[in-house]
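Single-letter residue listing:
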Amino acid sequence: MIFLKRQLPLLITFVTGIVFAAQYYVPHPASEEMLTSVTKWLQIIGGFALILGVTSLFHIHAVKIRRKEPGWGYSFVLYAGMLGTIVIGLWGNGKEVTNGTMTAFGWIYNFMMVPLQGTMFAILAFFIASAAYRSFRARSREAAVLLAAAIIVMTGRVPLGEYLIPLSGDLTQWILNVLNASVRRAILIGISLGAVALSLKIIFGIERSYLGGGKE
Amino acid sequence: MSFAERMLQIDRRIIFLVIGLCTLIPLFYPVGLAIKVGPEVRGVYNYIESLPEGSVFLLSLDFDPASKPELYPQAVALLRHAFKKNLRVIGMTLWLPGTGMANEVITRVAEEMGKEAGKDYVFLGWSPGGSSVIINMGQDLYKAFPTDYNNQPTKDLAVLKDVKTLRDVSYVVSLAAGSTGIESWYVFGKDKYKFELGGGCTGVIAPGLYPLLRSGQINGLIGGLRGAAEYEVLIGQKGRAVAGMDAQSATHVAIIILVMLCNTFYLMLRKGQRRAGQA
């Protein structure tokens, strides 16, 4: 059993990791055909991952409802919403509009999901303003620099700010293109090097946490 | 409790009211301040403008309804421009919750511009796999999307004539609210399949994409509602984004004033505490 649980996954990871890292540099038709097939597998696995995610969500909330844990009512709402949408979606063949008429699924999408998600995003403006008033303070020199940069960028990104302080637009461009881009690039390079290191550790079997725990 | 302390602990509902009024009043009474077009947005516009008629333009609407206020106007402006230039438009999404919205915006703008589905444009819909969909499209577009959103076989569509892979696409623009989005289109798409790439994104993630812009990995970037408004100005069709800029101006200025006030009270408080400490 140890072979199936440990050695086989490590072997598959090692072989596929090496083969597909090399594949990028081999433009032969056979190599390209292999990539086409494997990306199709990835799409299929992605579809199954979705089923796994939904099943897991159902399971977690079923447990909450059964045990009547605090906030179990929300889990019930989630169940009703998901099951209702799935049934109506299947009934409408997954289409929002058929023959120019909106289906029940389309109605749920357009008049429930779209406004609800939009509302969640829109109320951020209120919370950001409140949080900025309470915590955006020049407590140190570094905080003061951040505060000054934020005020300049906020001024320079809107027409009223550019109208009141004409220089703010150019100053904002400079901050975004020079200071921001260089720092972001440094962070990106750091993240990328980390990703390469982690990939090598996984390919060579040094990092094995993805195999999960359990008895060997 | 001193005046500064009281002001620092002001009821948050007052701040909510200020922001609410700053959003609503300019929407009812627009001022229409001039919008300056930046080089980032001009990059996308100029490239589309330079494409010959019949070129293939792929618009990937990689966002969900939460980002609709910022990215929907960008999509409308880009589609109007592409259809006006008589480009062949391919629409798709890598975000499942955005599928219906993406289909709606493409269909609506196409109808407005008198374009025909299957002949002038196609909406491919969504396919599972995230970034691997991009690679799959780069290898074989018909295998990645055997049918379009309306279940029509993609091989039979006139709009996709001679478009077998991403190598046959002239320009790709990803309108992204996060990951999977512009970075994925660069890493898994442009780098290997050599098409030109532009981006549009929410204001929050725009600063993070500047390294890609400065290095030429993307040739333009439409950032947030402001970017959408700039694009609307460029195509000469002012819409929702331009209408929203006054509200955004007012809220930005309100937040700046609030931050300045909070810091003034904070410094007053600190000065008072220092004096009390010395005494």
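Residues numbered from 1 in each chain as written. Chains lettered and ligands numbered in written order. Predicted model: local features only at pLDDT ≥ 70, side-chain atom pairs only at ≥ 80, totals over all residues.

K.L.:
How do you make sense of the overall build of chain A when you look at a structure like this?
P.N.:
What chain A contains, in helices and strands, is eight helices and two strands. What you see in chain A, going N to C, is helices and strands ordered as α-α-α-β-β-α-α-α-α-α. Scaling as 2.2 N^0.38, a compact globule of 216 residues should have a C-alpha radius of gyration of about 17 Å, whereas chain A reaches 26 Å, well beyond that. In chain A, which comprises 216 residues, the share counted as buried stands at 11%. Considering only intrachain contacts with a sequence separation of at least 6, the fraction spanning at least 24 residues in chain A is 20%. (Helix = DSSP H or I, 4+ residues; strand = E, 2+ residues; numbered from the N terminus. Rg over C-alpha atoms; globule rule 2.2 N^0.38 Å. Buried ≥ 20, exposed ≤ 12 C-beta atoms within 10 Å, placed from the backbone. Contact = placed C-beta atoms within 7 Å.)

K.L.:
Any chance you could explain the overall build of chain B here in plain terms?
P.N.:
A tally of regular secondary structure across chain B gives eleven helices and six strands. If you line up chain B on its principal axes, its C-alpha atoms span 85 × 40 × 30 Å. Evaluated residue by residue, chain B yields a buried proportion of 52% over its 279 residues. Once local pairs closer than 6 in sequence are excluded, the contacts in chain B between residues at least 24 apart make up 73%.

K.L.:
Would you take a moment to explain the interface of chain B and chain A for this structure?
P.N.:
Between chain B and chain A, the contact holds 48 residues from the first and 47 residues from the second. When contributions to the side of chain B that touches chain A are tallied by element, the ones reaching two or more residues are α2 (12-28), α4 (68-84), α5 (99-112), α6 (131-139), α9 (210-214) and α11 (240-278) of chain B. Residue contributions to the side of chain B that touches chain A peak at 14 residues, all from α11(B). Residues that form the side of chain B that touches chain A fall into these classes: 25 nonpolar, 15 polar and eight charged. (Nonpolar A, V, L, I, M, F, W, Y, C, P; charged D, E, K, R; others polar.)

K.L.:
For this particular structure, what's the right way to read the sheet that holds strand β2 (residues 88-93) of chain B?
P.N.:
What links the strands of a sheet is backbone hydrogen bonding, and the strands pair in either a parallel or an antiparallel sense. All names here are of chain B. Strands sit in the order β3-β2-β1-β4-β5-β6 across an open sheet of six strands; the sheet is parallel. If you trace the sheet from one side to the other, it starts and ends with β3 (121-126) and β6 (221-223), each paired once. Along the sheet, successive strands turn relative to each other by an average axial angle of 15 degrees, direction set aside. For β2 and β3, the ladder comprises four bridges, and the chain directions are parallel. Within β3, the residue paired with Gly91 across the bridge is Phe123. Here α4 sits on the sheet and contacts β1 (56-62), β2, β4 (171-176), β5 (196-201) and β6; the angle it forms with β1, its principal contact strand, is near 170 degrees. (Pairing = 2+ DSSP bridges. Axes fitted to C-alpha atoms, helices over the stretch in contact; angles between N-to-C directions.)

K.L.:
Explain helix α2 (residues 29-67) of chain A here, please?
P.N.:
In an α-helix, one turn spans 3.6 residues; hence positions three or four apart end up facing the same way. Here α2(A) is 39 residues long and its end C-alpha atoms lie 57 Å apart, about the 57 Å a rise of 1.5 Å per residue gives. Note on α2(A): the residue one or two positions beyond its end, A:Lys68, has a positive phi of about 55 degrees. (Expected span 1.5 Å × (residues − 1).)

K.L.:
What am I meant to see in the domain arrangement of chain A here?
P.N.:
Many analyses report the size of an interface as the accessible area lost when the parts associate. Looking at the assigned domains, one finds that chain A contains domain 1 (1-88), domain 2 (92-122) and domain 3 (125-195). Centre-to-centre, using C-alpha coordinates, domain 2 of chain A lies 36 Å away from domain 3 of chain A. (Domains from an automatic or database assignment.)

K.L.:
How do you make sense of the pairing of β2(B) when you look at a structure like this?
P.N.:
Along any regular strand the residues' side chains alternate between the sheet's two faces. Residues and elements named next belong to chain B. The buried fraction of β2 is high, at six of six residues. Pairing geometry for β1 and β2, over five bridges, is parallel. Within β2, the residue paired with Ser60 across the bridge is Met92. Following the backbone out of β1, through α4 and into the adjacent parallel β2, one traces a crossover that is right-handed. One crossover worth recording links β2 to the parallel β3 by way of α5, and it is right-handed. (Right-handed = clockwise from strand over helix to strand, strands pointing away.)

K.L.:
Is there a simple way to think about α6(B) in this case?
P.N.:
In terms of burial, α6(B) is largely enclosed, as nine of its nine residues are buried. Buried residues in α6(B) make contact with α2 of chain A together with α7 (141-144) and α8 (182-193) of chain B.

K.L.:
Any chance you could explain the confidence of the model for chain A here in plain terms?
P.N.:
Do not read the predicted coordinates in detail wherever pLDDT is low. The predicted model of chain A has a mean per-residue pLDDT of 90, with 98% of residues at 70 or higher. Per-element mean pLDDT across chain A ranges from 84 in strand β1 (residues 97-98) of chain A up to 95 in helix α8 (residues 167-203) of chain A. (pLDDT = per-residue confidence, 0-100.)

K.L.:
So what exactly am I meant to see when it comes to the packing of α4(B) against helix α10 (residues 224-235) of chain B here?
P.N.:
Think of two packed helices as two axes; the pair is described by the angle between the axes and how far apart they sit. Residue and element names in this part refer to chain B. In contact at an axis separation of 8 Å, α4 and α10 are set at 20 degrees when each is read in the N-to-C sense. Here α4 lies roughly parallel to α10, going by the angle between them. Viewed along their axes, α4 and α10 form a crossing whose handedness is left-handed. Contacts from Pro69, Glu70, Pro73, Gln74, Ala77, Leu78, Arg80 and His81 of α4 reach α10 at Gly224, Leu225, Gly227, Ala228, Tyr231, Glu232 and Ile235. Looking at the contact of α4 with α10 residue by residue, the class counts come to eight nonpolar, four polar and three charged. (Parallel < 35°, antiparallel > 145°, perpendicular 65-115°, else oblique. Left-handed = near helix turned anticlockwise from the far one by under 90°.)

K.L.:
Please explain the nonpolar core as it appears in this structure.
P.N.:
In globular proteins that are soluble, nonpolar side chains generally tend to be buried together. Residues B:Leu59, B:Ala75, B:Leu79, B:Val89 and B:Val105 are the most contacted members of the largest nonpolar core, which totals 83 residues. Take this core: its biggest share by element is nine residues, from α4(B). Those residues within four positions of B:Leu79 in sequence are excluded, and the remaining contacts are B:Leu59, B:Val89, B:Val105, B:Ile106 and B:Val109. Counting 14 residues, the second largest nonpolar core, distinct from the first, contains A:Tyr133, A:Phe136, B:Ala250 and B:Leu258. (Core = buried A, V, L, I, M, F, W, Y, C linked by C-beta atoms within 7 Å.)

K.L.:
Looking at this structure, how should I read unusual backbone geometry?
P.N.:
Across residues other than glycine, the phi torsion is negative in most instances, and most of the peptide bonds are trans. The omega angle of the peptide bond from B:Ser179 to B:Thr180 is 10 degrees, so this bond is cis rather than trans. The backbone of A:Asn99 shows a phi angle near 50 degrees, a positive value even though the residue is not glycine. When you line up the elements, A:Asn99 lands in the loop between β1 and β2 (101-102). A positive phi angle, near 65 degrees, is found at B:Asn151, a position not held by glycine. Relative to the elements of secondary structure, B:Asn151 occurs in the loop between α7 and β4.

K.L.:
Looking at this model, I keep getting lost on the environment of A:Leu211. Mind explaining?
P.N.:
Residues and elements named next belong to chain A. Checked against the element boundaries, Leu211 lands in the segment after α8. A residue is classified by how many C-beta atoms lie within 10 Å of it, and Leu211, with 14 of them, is partly exposed. It is 7.4 Å that separates the C-alpha atoms of Leu211 and Arg6, two residues lying 205 residues apart in sequence. Contacts of Leu211, omitting those with residues within four sequence positions, involve Arg6 and Pro9.

K.L.:
I tried to follow the packing of helix α3 (residues 72-91) of chain A against helix α4 (residues 104-122) of chain A on my own but got confused; where do I start?
P.N.:
All names here are of chain A. Relative to each other, α3 and α4 sit at 135 degrees, their axes nearing to 8 Å. Between α3 and α4, the crossing angle belongs to the class labelled oblique. Residues Thr85, Ile88 and Gly89 of α3 form the contact with α4, whose own contacting residues are Ala104, Phe105 and Ile108. For the contact of α3 with α4, the class distribution of residues is four nonpolar, two polar and no charged.

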